[in-house]
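# Observations on the three-dimensional arrangement
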Amino acid sequence: MTSCRLCGSADLVGVVDLGATPPCELFLTAEQLDEPELTYPLHLRVCTSCWLAQIPPLITPEETFTEYAYFASYSASWVEHARKFVDSAVERLKPSFVAEVASNDGYLLQHVVERGIRCLGIEPSANVGQAAKEKGVPTLTAFLTPQTGAAVRAEHGPADLVVANNVYAHIPDVVGFTEGLRALVADDGWVSIEVQHLLTLMELNQYDTIYHEHFQYYTVASAQRALASGGLTLVDVELLPTHGGSIRLWARPSGSPSDRVLDVLAREKAAGLHDLSGYAGFADRVARVRRDLLRFLIDAADEGRTVVGYGAPGKGNTLLNHCGIRQDLLAYTVDRNPYKHGRFTPGTRIPIVAPERIAQDRPDYVLVLPWNLREELTAQLSYVHEWGGRLVFPIPHLEVV
Ligand SMILES: [Zn+2]
């Protein structure tokens, strides 16, 4: 990678190099276990001009998202999060047309449909978008580009509210995508974007959220520049606990930043993320997380204790691959998504089975890979304690509960 995708600067500095791993959503079928598997470097760098943290765009979104394994509705807490957002946004903004980019399986827009408000989802994965249509959510199978945005505007009119959650990191063409948002939104409308916050990623060692689908990692400062590149102004920001720490950016075609924006910018500056100081030392902390987890798993194996995984999220695959964990250390992992059952984790080839297996096998430890859903999963997995089993959280540092 020779230049920054946002500002074009050639001054990119390495933050952490996680080695080479396969794409994290490419779960293998049994037949594929005998086939070669491609891996791609996973090296996070930060631009010292605009401070956008980024990885090289080695896998195109077209390769990843044409048939996608992620269905948002499998997370009850995520659906509830979306419902609360719709409730408050509709109350406050009273939109008559809502557009959502990367609308997935209709987990969010279903709440807009329920309220009788006109909406349109724009979702590139046909298999995921089909699930939305079955819920009664109008869905266009497309990637957002300036052209798609203009075509939707021409056909449906400008949107009073454009929602783009968990997608702003997934698009290598940040500028084109932002221009697409600008094309969708009315001149006096609102764009609401949720994306992981680099501040919490760095502070809480969430290095496993670095994977090939996430091309860039935002501070509010770099997000502000990215929005401006496509003609949008950041006017407000909320800090959210989702995904271990996210920002909800509120942008408009014109306006000025609120005090909350200035406050978060000041926190980022204090954390050293607007210069190189905050990025130094991150690679050492990542190495520590890896050693602690491996030590725990090796000791458990030596003591004859059983360890199984919970969840097969994308981030789990960064962690498993970076740590070099194979089936001798983690017998299997379970997932609620039936699409993944009978498949194997990319690279590490750990079998994925249905969650019921845990109660049957009564393992000594359950390693929780989607640690961001800690509260939800601690409640869901409370039955593990019935046989003296314990939950293990690898991030921000190893904890056995
Ligand atoms: Zn830059």
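This structure is a prediction, so every number in the text was calculated from the model and none was measured.

This brings us to the overall build of the protein chain. A tally of regular secondary structure across the protein chain gives 13 helices and 17 strands. Taking 401 residues into account, the globule formula puts the C-alpha radius of gyration at 21 Å, and the protein chain, at 21 Å, falls close to it. Projected onto the principal axes, the alpha-carbon positions of the protein chain cover approximately 65 × 50 × 40 Å. Sorting the 401 residues of the protein chain into buried and exposed places 58% on the buried side. By sequence separation, contacts in the protein chain at least 24 residues apart represent 68% of the contacts at least 6 residues apart. When the accessible surface of the protein chain is split by element, carbon and sulfur atoms take 52% of a total near 15,800 Å². Side-chain charges in the protein chain split into 34 positive and 48 negative, and the spacing between the mean points of these groups amounts to 3 Å.

What follows is about the nonpolar core. Note that soluble globular proteins tend to have their nonpolar side chains buried in a common cluster. In terms of nonpolar packing, the biggest core is built from 54 residues, with Tyr207, Ile210, Phe282, Ile325, Ile358 and Leu381 touching the most fellow members. For this core, the secondary-structure elements that each account for two or more residues are β1 (12–21), β2 (40–47), α7 (198–203), α10 (282–302), β12 (307–310), α11 (314–323), β15 (365–368) and β16 (390–393). Looking at which domains feed residues into this core, each of domain 1 (72–257) and domain 2 (282–400) supplies at least three. Excluding anything up to four places from it in sequence, Tyr207 contacts Leu18, Phe282, Val286, Val289, Thr318, Leu319, His322, Cys323 and Ile395. Judged by nonpolar contacts, the second largest core, of 45 residues, contains Phe177, Val195, Ala221 and Ile247.

Distances from the zinc ion to its protein donors, namely Cys4 (SG), Cys7 (SG), Cys47 (SG) and Cys50 (SG), fall within the range 2.3 Å. Between the four donor atoms coordinating the zinc ion, the angles at the centre fall across 101 to 116°, so the site counts as tetrahedral. Between the donor residues of the zinc ion, the gaps in sequence give the motif C-x2-C-x39-C-x2-C. Taken as a pair, Cys7 in the segment before β1 and Cys50 in the loop between β2 and β3 (53–54) lie far apart in primary sequence, 43 residues in all. Overall, the relative accessible area of 38% leaves Cys7 in the partly exposed class. Here Cys50 falls in the buried class, since its relative accessible area comes to 3%.

What follows deals with helix α4 (residues 126–134). Within α4, the full set of buried residues consists of Val128, Gly129, Ala131 and Ala132. In an axial view of α4, the angular spread of the buried residues amounts to 150°, which keeps them on one side of the axis. Taken together, the buried residues of α4 touch β6 (139–140). Taken from the residues just after α4, Gly136 is the one with a positive phi, measuring 85°.

It is worth spelling out the side chain of Thr209 at this point. Tracing the backbone through its elements, the reader meets Thr209 in the loop between α7 and β9 (216–217). At 2.7 Å, the side chain of Thr209 forms a polar contact with the backbone oxygen of Gln206. With residues up to four places along the chain from it excluded, the contact list for Thr209 reads Gln196, Leu201, His214, Tyr217, Lys315 and Trp371.

This next bit is on the packing of aromatic side chains. Throughout the structure, instances matching the rule amount to eight aromatic pairs. Ring centres 4.9 Å apart and planes at 10° place the aromatic pair Tyr168 and Tyr218 in the stacked group. Residue Tyr168 is found in the loop between β7 (159–165) and α6 (174–184), and its partner Tyr218 is found in the loop between β9 and α8 (220–229); the two are separated by 50 residues along the sequence. Summarising the burial analysis for this pair, Tyr168 and Tyr218 share the class buried. A centroid spacing of 4.9 Å and a plane angle of 80° characterise the contact between Phe296 and Tyr365, whose relative ring orientation is edge-to-face. With Phe296 in helix α10 and Tyr365 in strand β15, the pair connects residues that are 69 residues apart, well separated along the chain.

This next bit is on α11. A large share of α11 lies buried, amounting to ten of its ten residues. Residues of α11 that are buried in the fold lie against β1, β2 and α10. Of the residues flanking the end of α11, it is Gly324, one or two places downstream, whose phi is positive at about 75°.

Take the domain arrangement of the protein chain next. Domain boundaries in the protein chain define domain 1 (72–257) and domain 2 (282–400). Centre-to-centre separation of domain 1 and domain 2, based on C-alpha positions: 30 Å. Counting residues at the interface gives 16 residues for domain 1 and 19 residues for domain 2. Of the roughly 1,700 Å² buried where domain 1 meets domain 2, counting both sides, 61% is carbon and sulfur surface. Looking only at domain 1, the three residues that lose the most surface to domain 2 are Tyr74, Tyr207 and Asp208, adding up to 44% of its buried area. For the interface between domain 1 and domain 2, the tally reads zero salt bridges.

Cut-offs applied
Residues numbered from 1 in each chain as written. Predicted model: local features only at pLDDT ≥ 70, side-chain atom pairs only at ≥ 80, totals over all residues. Heavy atoms only, no water. Helix = DSSP H or I, 4+ residues; strand = E, 2+ residues; numbered from the N terminus. Rg over C-alpha atoms; globule rule 2.2 N^0.38 Å. Buried < 20%, exposed > 50% of the residue type's maximum accessible area, 1.4 Å probe, protein only. Contact = heavy atoms within 4.5 Å. Areas by Shrake-Rupley, 256 points an atom, 1.4 Å probe, with all protein chains shown as cover. Lys, Arg positive; Asp, Glu negative; His and termini not counted. Charge placed at Lys NZ, Arg CZ, Asp CG, Glu CD. Core = buried A, V, L, I, M, F, W, Y, C linked by side-chain atoms within 4.5 Å. Domains from an automatic or database assignment. Donors = N, O, S within 2.8 Å, 3.2 Å for Na, K, Ca; no water. Tetrahedral: all angles 85-135°; square planar, octahedral: opposite > 155°, others 65-115°. Arc of directions from axis to C-beta. Polar contact = N/O pair within 3.5 Å; in protein donor to acceptor, adjacent residues only side chain to side chain. Phe/Tyr/Trp six-rings, centres within 6.5 Å; stacked < 30°, edge-to-face > 60°. Buried area = accessible area lost by both parts, 1.4 Å probe. Salt bridge = Lys/Arg side-chain N within 4 Å of Asp/Glu carboxyl O.

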